[in-house]
Amino acid sequence: MPGSTNGSNATKTMGALTLGGLVVVTAYTVALGSNGWLWFGWVVLGLITLGLVVTTRST
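Residues numbered from 1 in each chain as written. Predicted model: local features only at pLDDT ≥ 70, side-chain atom pairs only at ≥ 80, totals over all residues. Heavy atoms only, no water.

## Things to note about the overall build of the chain
Here is step 1: If you tally the helices and strands in the chain, you get two helices and zero strands.
Here is step 2: When burial is assessed residue by residue, the chain has 12% of its 59 residues classed as buried.
Here is step 3: As displayed, the chain offers around 4,400 Å² of accessible surface, 75% of which is attributable to carbon and sulfur atoms. (Helix = DSSP H or I, 4+ residues; strand = E, 2+ residues; numbered from the N terminus. Buried < 20%, exposed > 50% of the residue type's maximum accessible area, 1.4 Å probe, protein only. Areas by Shrake-Rupley, 256 points an atom, 1.4 Å probe, with all protein chains shown as cover.)

## Considerations on the UniProt feature "transmembrane region" (unreviewed entry) in the chain
Here is step 1: Mapped onto this numbering, the UniProt entry annotates "transmembrane region" (unreviewed entry) at residues 12-31 and 37-55.
Here is step 2: For residues 12-31, helix accounts for 100% and strand for 0%, while the C-alpha atoms at its two ends are 29 Å apart.
Here is step 3: Spanning residues 37-55, this segment combines 100% helix with 0% strand, and its end C-alpha atoms are found 27 Å apart. (UniProt positions renumbered as here; feature names shortened; annotations may be inferred.)

## Concerning the packing of aromatic side chains
Working definition: an aromatic ring pair is given by the centre-to-centre distance plus the angle between the planes.
Here is step 1: Tallying each qualifying case throughout the model produces two aromatic pairs.
Here is step 2: Judged by centre distance (5.8 Å) and plane angle (90°), the rings of Trp37 and Phe40 are edge-to-face. Placement of both Trp37 and Phe40 in helix H2 (residues 36-58) is noted, with a separation of three residues, approximately one turn of the helix. Assigned by exposure class, Trp37 and Phe40 land together as exposed.
Here is step 3: With centroids separated by 6.4 Å and ring planes inclined at 80°, the aromatic side chains of Trp39 and Trp42 adopt a geometry described as edge-to-face. Highlighted residues: Trp39 and Trp42, both in helix H2, separated by three residues, approximately one helical turn.
Here is step 4: Looking at Trp42, the relative accessible area reads 22%, which means it is partly exposed. (Phe/Tyr/Trp six-rings, centres within 6.5 Å; stacked < 30°, edge-to-face > 60°.)

Laid out in structure tokens, this is it:
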């Protein structure tokens, strides 16, 4: 199914963005101190990624 391959690529991209975001937020926290908005944004990105993973696996 062509749609499932596209969903898989989107899931991998979102996963990479989420992990990259974690690295950036962690580096910012170590260098300049904690920023709650950055962590909140990362959690939201993680939840979106998790939702994408769940919906692509269910179809």
